[in-house]
Amino acid sequence: MTSTNSYDVKDPSLAEAGKQRIEWASREMPVVKTIRERFAIEKPLSGIRISGCLHITTETANLGLTLRDGGAEVALCASNPLSTQDDAAAALVDYGIPTYAIKGEDEVTYYQHITAALDNKPNLTVDDGADLVTTLHTRRSDLIEGVIGGTEETTTGVIRLRSLANEGKLKYPIVAVNDAQTKYLFDNRYGTGQSTLDGITRATNVLWAGKKVIVCGYGWCGRGFALRAKGMGAHVVVTEIEPVRALEAAMDGFQVMPLMDAASTGDIFVTLAGDKHVIDGDHFKVMKNGAILANSGHFNVEINIPVLESMSRNKREIRPFVDEYEMKDGRRLYLLGEGRLINLAAAEGHPASVMDMSFANQALCLEYMVKNKGKLTLNVHPVPVDIDKHVARLKLDSMGIKIDTLTPEQEKYLTSWQEGT
Ligand SMILES: NC(=O)c1ccc[n+]([C@@H]2O[C@H](COP(=O)([O-])OP(=O)(O)OC[C@H]3O[C@@H](n4cnc5c(N)ncnc54)[C@H](O)[C@@H]3O)[C@@H](O)[C@H]2O)c1
């Protein structure tokens, strides 16, 4: 493709199927729907151009339409080469949102797509993993002047952007949507928990009951997945590098040990650590014949695939999203989804109901950045507490759940020191 194309999707004729699935996702996104209705009237993003680098799914399509209805000119590209839903991408184009995303695109195309989305000359960026912001700060720094601010969707992206800010090189303010409570407590935990299990199940059709599952990393994603794997009857072992999190895992009832000790006993290894080479050559060496390896962290660096390649003598795709590596000693190890986040590679990513909260935060934080144009420092900022609480309230409302309010006596008690035993 050339950057002058107004879209690049696999097959535009998939648009109708995509629209139907986008409509289905919207059923479970009442908070985003409420915001979309207000945006359509108030047009808070009028005259604003937005370039978004996100997993191109039906939920993202609902966010894109919300931003468009808010008055923005939106262009979208994929935040991972293997996470695009081609029908959703085609539907977005049909809805008039230039979209650059093809499931299975190579790395060259992936970056061409980011550049094409940036050709929208954004005033706001929406990123998931910080590849778009990184491109904007390096190869497309000519476009930075027009940028008011940006948002970041995931833990790994926030880490990268904080590093950029710490080096004094961040050129516009970012709001870390990932760090909203209504994001990570639900999307990372329950979303990744369920969808990772779903992705591995769809790719392999394994029975979880009785399996020994090794979960690397007990952060928000890791604990969500560990909980769901346990619920399916698996024996779950957790590996960690942080003492407090290891302790939490132990007291949540999981076995905790170094990965090297667990490596020879695991049936399924899942890394959700957001770290590099978490599962490495020494672990491959001792793994059981038939062990399954999957990643659900942001980048495909968590499993050391080049070393796995070098230790094997043969490789074949035995099922979609399942590569069988025949090791030089004859054992077979199975790598899922090319080591890319398995919930989006082999399944549909998070259920719409959790993306409802993540993307409500996105929409409201973009509106916030426009309202506060020029006022935020060149740093990574938290989501304003008001926005976080507003999203929680809207979600509770949509679920028909009411909660108590403090009495004046309680309010006084909770803000004073005089009263004790
Ligand atoms: N699959 C998805 O859809 C999805 C959704 C949200 C986040 N993510 C990604 O998942 C990753 C984890 O996110 P999170 O919010 O849980 O982060 P987190 O920081 O809460 O948790 C990561 C945990 O991994 C641990 N860890 C780091 N290196 C380790 C190692 N070598 N061995 C064992 N443990 C190690 C850390 O101590 C930490 O407890 C990130 O890359 C994030 O961007 C993926």
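Residues numbered from 1 in each chain as written. Predicted model: local features only at pLDDT ≥ 70, side-chain atom pairs only at ≥ 80, totals over all residues. Heavy atoms only, no water.

Caption draft 1: Representation of the overall build of the chain. Along the chain, the regular secondary structure elements total 17 helices and 16 strands. In terms of overall size, the chain behaves like a compact globule, its C-alpha atoms giving a radius of gyration of 22 Å where 421 residues would be expected to give roughly 22 Å. C-alpha extents for the chain along the principal axes are approximately 75 × 65 × 45 Å. Here the chain, with 421 residues, has 55% of them falling under the buried criterion. The long-range share in the chain, meaning contacts at least 24 apart out of those at least 6 apart in sequence, stands at 71%. Of the accessible surface of the chain, which amounts to about 18,800 Å², a share of 52% is contributed by carbon and sulfur atoms. (Helix = DSSP H or I, 4+ residues; strand = E, 2+ residues; numbered from the N terminus. Rg over C-alpha atoms; globule rule 2.2 N^0.38 Å. Buried < 20%, exposed > 50% of the residue type's maximum accessible area, 1.4 Å probe, protein only. Contact = heavy atoms within 4.5 Å. Areas by Shrake-Rupley, 256 points an atom, 1.4 Å probe, with all protein chains shown as cover.)

Caption draft 2: Representation of the pattern of salt bridges. Scanning all chains against the criterion turns up 28 salt bridges. Among the ionic pairs, Lys19 bridges to Glu16, the shortest N-O distance being 3.9 Å. Pair noted here: Lys19 and Glu16 are both in helix 1 (residues 15–27), with a separation of 3 residues, about one helical turn. We note a salt bridge from Lys169 to Glu167, for which the minimum N-O separation is 3.0 Å. Connected through shared salt-bridge partners, Arg21, Asp87, Asp198, Arg202 and Glu348 make up one network. (Salt bridge = Lys/Arg side-chain N within 4 Å of Asp/Glu carboxyl O.)

Caption draft 3: Spatial organisation of the site of the ligand. Surrounding the ligand, one finds 25 residues, the nearest of these being Thr154, Thr155, Thr156, Glu240 and Ser296. Note that a nitrogen atom of the ligand is positioned 2.8 Å from one of the backbone N or O atoms of Ser296. Here His298 contributes a backbone N or O atom positioned 3.0 Å from an oxygen atom of the ligand. Protein coverage of the free-state accessible area of the ligand, which is 860 Å², stands at 88%. Breaking the shell around the ligand down by element, the ones donating at least two residues are helix 7 (155–166), helix 8 (181–204) and helix 9 (220–231). (Near = heavy atom within 4 Å. Polar contact = N/O pair within 3.5 Å; in protein donor to acceptor, adjacent residues only side chain to side chain.)

Caption draft 4: How the structure looks around the state of the cysteines. Applying the stated rule across the entire model yields 0 disulfides. With no disulfide of its own, Cys77 lies closest to Cys53 among cysteine sulfurs, the gap being 3.9 Å. Overall, Cys77 belongs to the buried group, its relative accessible area being 0%. Between Cys216, a cysteine without a disulfide, and Cys221, which holds the nearest cysteine sulfur, the sulfur-to-sulfur distance is 13 Å. (Disulfide = S-S within 2.5 Å.)

Caption draft 5: Highlighting the packing of aromatic side chains. Taken as a whole and judged by the stated rule, the model has 5 aromatic pairs. With a centroid separation of 5.0 Å and 85° between ring planes, the pair formed by Tyr110 and Tyr111 is classed as edge-to-face. Given a relative accessible area of 4%, Tyr110 falls into the buried group. Taken together, a centroid distance of 5.8 Å and an interplanar angle of 65° make the contact between Tyr218 and Phe254 edge-to-face. Taken together, the positions of Tyr218 in the loop between strand 8 (212–216) and helix 9 and Phe254 in the loop between helix 10 (243–251) and strand 10 (255–256) put the pair 36 residues apart, joining distant regions of the chain. Residue Phe254 is classed as buried on the basis of its relative accessible area, which comes to 6%. It is Arg27 that lies over the ring of Trp24; its NZ or CZ is 4.1 Å from the centre. The ring of Trp220 has Arg223 lying over it, and the distance from NZ or CZ to the ring centre is 4.6 Å. (Phe/Tyr/Trp six-rings, centres within 6.5 Å; stacked < 30°, edge-to-face > 60°. Lys NZ or Arg CZ within 6 Å of the ring centre and 35° of its normal.)

Caption draft 6: Structural context of the nonpolar core. The biggest cluster of nonpolar side chains holds 48 residues, and the ones touching the most others in it are Leu45, Ile50, Leu67 and Leu124. In this view, Leu67 contacts Phe39, Leu45, Ile50, Ala72, Val74, Ala363 and Leu366; residues no more than four positions away in its chain are not counted. Judged by nonpolar contacts, the second largest core, of 27 residues, contains Ala249, Val270, Ile292 and Ala294. (Core = buried A, V, L, I, M, F, W, Y, C linked by side-chain atoms within 4.5 Å.)

Caption draft 7: Highlighting the sheet that holds strand 8. With mixed pairing, 8 strands are arranged side by side in an open sheet as 10-9-8-11-12-15-14-13. Lying at the two open borders of the sheet, with one neighbouring strand each, are strand 10 and strand 13 (312–319). Note: strand 8 against strand 9 (residues 235–239), 5 bridges, orientation parallel. In the sheet register, Cys216 faces strand 9, and the bridge partner there is Thr239. (Pairing = 2+ DSSP bridges.)

Caption draft 8: Inspection of the sheet that holds strand 2 (residues 49–54) at higher detail. Spatially, 1-4-3-2-5-6-7-16 is the arrangement adopted by the 8 strands of the open sheet, whose pairing is parallel. In the strand order of this sheet, the two ends are held by strand 1 (8–9) and strand 16 (380–382), each with one partner. Against the sheet, helix 4 (residues 86–94) makes contact with strand 1, strand 3 (73–78) and strand 4 (99–101), and its axis sits at roughly 160° relative to strand 4, the strand it touches most. Taken strand by strand, helix 7 contacts strand 6 (149–152), strand 7 (174–176) and strand 16, and its axis lies near 125° from that of strand 16. (Axes fitted to C-alpha atoms, helices over the stretch in contact; angles between N-to-C directions.)

Caption draft 9: Up close: the pairing of strand 6. Residues Gly149 and Thr151 point to one face of strand 6 and Gly150 and Glu152 to the other, with burial holding for every one of them. The pairing of strand 5 (residues 124–127) with strand 6 spans 4 bridges and is parallel. Each residue of the ladder has a partner; that of Asp127, found in strand 6, is Glu152. Pairing of strand 6 with strand 7, which is carried by 3 bridges, proceeds in the parallel orientation. Paired with Glu152 across the bridge in strand 7 is Ala176. Where the polypeptide runs from strand 6 across helix 7 and back to strand 7, its parallel neighbour, the crossover connection is right-handed. (Right-handed = clockwise from strand over helix to strand, strands pointing away.)

Caption draft 10: Quick look at the packing of helix 8 against helix 15 (residues 352–371). Where helix 8 contacts helix 15, the two axes come as close as 9 Å, and the packing angle between them is 150°. Once helix 8 is placed against helix 15, the crossing between them reads as left-handed. Residues Thr182, Lys183, Phe186, Asp187 and Gly191 of helix 8 form the contact with helix 15, whose participating residues are Val354, Met355, Met357, Ser358 and Asn361. Per-class residue counts for the contact of helix 8 with helix 15 are 4 nonpolar, 4 polar and 2 charged. (Left-handed = near helix turned anticlockwise from the far one by under 90°. Nonpolar A, V, L, I, M, F, W, Y, C, P; charged D, E, K, R; others polar.)

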